[in-house]
Structures are given as C-alpha cells and as structure tokens.
Amino acid sequence: ILQLINHGVSQTLREELLRASQSFYDLPEQDRKQYEGGNILDPIKCGTSFNVNVEKNLLWRDYLKCHVHPHFHAPLKPTGFSKIIETFCKTSREIIGELLKGISISLGQEENYIHKVINYESSFQIFVINFYQPCPKPELAMGLPPHSDYGLPTLLLQNDLQGFQVLHSCPSPKKKKILHSCKWIPIQPLPNSFLLNTGDHMEILTNGKYKSNIHRAIVNNKGTRITIGAAHGPPLDDTFGPATQLLGEHDLPLYQPITYRDCMNLQQSNELDKKSCLDHVRI
Ligand SMILES: O=C(O)CCC(=O)C(=O)O
Ligand SMILES: [Fe+2]
C-alpha cells in the first residue's frame, strides 16, 4: 500500500467530487432505484453491500459503481455530477498511466512496457463511490470485508473519516482462520493524498513481483464516511498471464492466464474473505 501525494488533483476537484458524491446519495430513492439490482458488469450499478446473494451478514455499505473507460457511463442526476466524475476519471487515468511507467522501469523494462502489454489506451476503468453511514454498533458490522482489488493499481480517496485497514503480511492470508488472527493496520491518509492499492492483475502480470494487498473498511458511529475509488484494469476480454519479459530466465509462470472479466466475475461469486481471483489462477 502506498500513499500518493503531489499527484496534480486539486483540492477543489477533490472537494467537488466528495460533494457530488454526497448529493448523489441524497437523491430521492426513485432516482437511484433504476441502477439497483442487475449484474456486476452493468455499466452503472448501485446498491447495498458487495454481493447480497452470497454474503451471510449484510454489510454496512452503499455504493455506486460506473464503468468509465473505454466508454464513459454515469448517472445523469444530480446535475453536474457526471461532468465532475468524468474530469476526475480522466485525471486518475493519467496518474495511473504515469505510475505504470515507473513500475515498468522498476521491473527493468522501458517505460511504456506495461502500457503496450496491456494496451492501456483501451484499459477498462471502474469508478466507485462507497458510502458508510454512521453505525450505532460499529464493532458488530463491517463496511467492506477483507478483499484484494481486481485490476492493476486502484486509487482511493476518502473524506475525513478513517476506516481503511490493510492486512499485515501473514503466513497464509488465504486461510480464513489465519486471516482472523492476522493484524490489521489502520491507515490514516495524509492530507490530499490517494491510497494506492495493487490489484490482482498486477500480481498476475508481474508474476508476483508486485503483490496485491488485502484490505477492508470498518465503520464508525460518528458520521458518513465516503470513499471514492478508481480501479484500472486491462481491456475486459483480453487474456493476461505473467508478461513474457517479466518472467526471469529460470522462472516458471505462477499464474494461469485469465481475462479481467472472468476475474471480476470470480470475485463476485465468492465471499470476499479470500483472494478469490488469485486463488483460482495460482499454479
Ligand atoms: O472504503 C474503503 O476504505 C475501501 C474501499 C475499497 O477497498 C474498495 O472500494 O475496493
Ligand atoms: Fe478495495
């Protein structure tokens, strides 16, 4: 997990984004209802919890998810909402583009290596807003259960309420029992920063050189916590395994190739207290 500062996103845009998110949430129910239900791969989707079909306990979270690249989708209401989201998503794609150059160099490749391998121009980007209302008994509820993000890096910003926690490296995060005895580190983001999570496809593409991290969101009884994320992945239907040049001469691929679409479907079909996509493709 990294915190990103000096990223070029103005404090004003950040505040507008948080205000716009709150005003979406404040819309009359009928304006949001049209986006409820449906499939994980619907271009605009809002609801409660991660996947109510498979979770035993309802989670203390409402969300809005939009597919924003290569085709931009966002609710038309409230007025001005879509424009602000579009501006933010474009900037976030530029930031991730720069980061991927740095990551390519860190792996001993030329700066556009990952851009070319994944065809970044056609990358699939998802925008998400998480709303965690104040919870009278925060110790009994969970905002988002432990999970890793799908995709490459994910940018996350939040209002001034804390709740993000990252799993301290532990012997085998796959095993539920061990997971519960592992240590959760609360992250207090620096002012005007983004949290940067490494997603599952990053781990696959780099053959484990960049590890996706497991994190969760806890809830509080003080106020509505809002977080905003931008997840960047490869094109939806292209198949990716470890990139050829990122495999050392004597390294075997540690993951089977998978499309981003299958990765997302897998994650949705499982309860989130294990790294579902990676569990399926690990050799
Ligand atoms: O809201 C948070 O702190 C975490 C959100 C998150 O992990 C996600 O949207 O994938
Ligand atoms: Fe996440």
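Residues numbered from 1 in each chain as written. Chains lettered and ligands numbered in written order. Predicted model: local features only at pLDDT ≥ 70, side-chain atom pairs only at ≥ 80, totals over all residues. Heavy atoms only, no water.

### Examining the packing of aromatic side chains
Okay, step 1: A complete count under the given rule lists six aromatic pairs for this structure.
Okay, step 2: On the basis of an interplanar angle of 20° and a centroid distance of 5.4 Å, the ring pair of Phe 24 and Phe 81 is categorised as stacked. Of this pair, Phe 24 sits in helix H1 (residues 11-25) while Phe 81 sits in helix H3 (residues 81-106), and the two are 57 residues apart along the sequence.
Okay, step 3: Judged by its relative accessible area of 2%, Phe 24 is buried.
Okay, step 4: Exposure remark for Phe 81: the relative accessible area of 1% places this residue in the buried category.
Okay, step 5: Summarising the aromatic geometry, the rings of Tyr 150 and Tyr 260 are spaced 6.0 Å apart at their centres and angled 80° between planes, so their arrangement reads as edge-to-face. Highlighted residues: Tyr 150 in the loop between strand S5 (144-147) and strand S6 (153-158) and Tyr 260 in helix H7 (residues 260-268), separated in sequence by 110 residues. No difference in accessibility class separates Tyr 150 from Tyr 260, as the two residues are buried.
Okay, step 6: Pairwise contacts between aromatic rings join Phe 88, Phe 127 and Phe 194 into one cluster.
Okay, step 7: Its end group placed over the ring of Phe 194, Arg 14 keeps NZ or CZ at 5.6 Å from the ring centre.
Okay, step 8: Over the face of the ring belonging to Tyr 63 we find Lys 65, whose NZ or CZ atom lies 5.8 Å from the ring centre. (Phe/Tyr/Trp six-rings, centres within 6.5 Å; stacked < 30°, edge-to-face > 60°. Helix = DSSP H or I, 4+ residues; strand = E, 2+ residues; numbered from the N terminus. Buried < 20%, exposed > 50% of the residue type's maximum accessible area, 1.4 Å probe, protein only. Lys NZ or Arg CZ within 6 Å of the ring centre and 35° of its normal.)

### Concerning the coordination of the iron ion (ligand 2)
Okay, step 1: Distances from the iron ion (ligand 2) to its protein donors, His 147 (NE2), Asp 149 (OD) and His 215 (NE2), fall at 2.1 to 2.2 Å.
Okay, step 2: Summarised as a motif, the one-chain spacing of the donors to the iron ion (ligand 2) is H-x1-D-x65-H. Note that Asp 149 is positioned in the loop between S5 and S6 and His 215 in strand S10 (residues 215-217), a separation of 66 residues in sequence. (Donors = N, O, S within 2.8 Å, 3.2 Å for Na, K, Ca; no water.)

### Some details on the environment of Thr 48
Okay, step 1: By secondary structure assignment, the location of Thr 48 is in strand S2 (residues 44-48).
Okay, step 2: Residue class for Thr 48 comes out partly exposed when judged on its relative accessible area of 39%.
Okay, step 3: Spatially, the C-alpha atoms of Thr 48 and Asn 213 are 24 Å apart, while their sequence positions differ by 165 residues.
Okay, step 4: Filtering out sequence-adjacent residues up to four positions away, Thr 48 remains in contact with Leu 59, Arg 61, Asp 62 and Tyr 63. (Contact = heavy atoms within 4.5 Å.)

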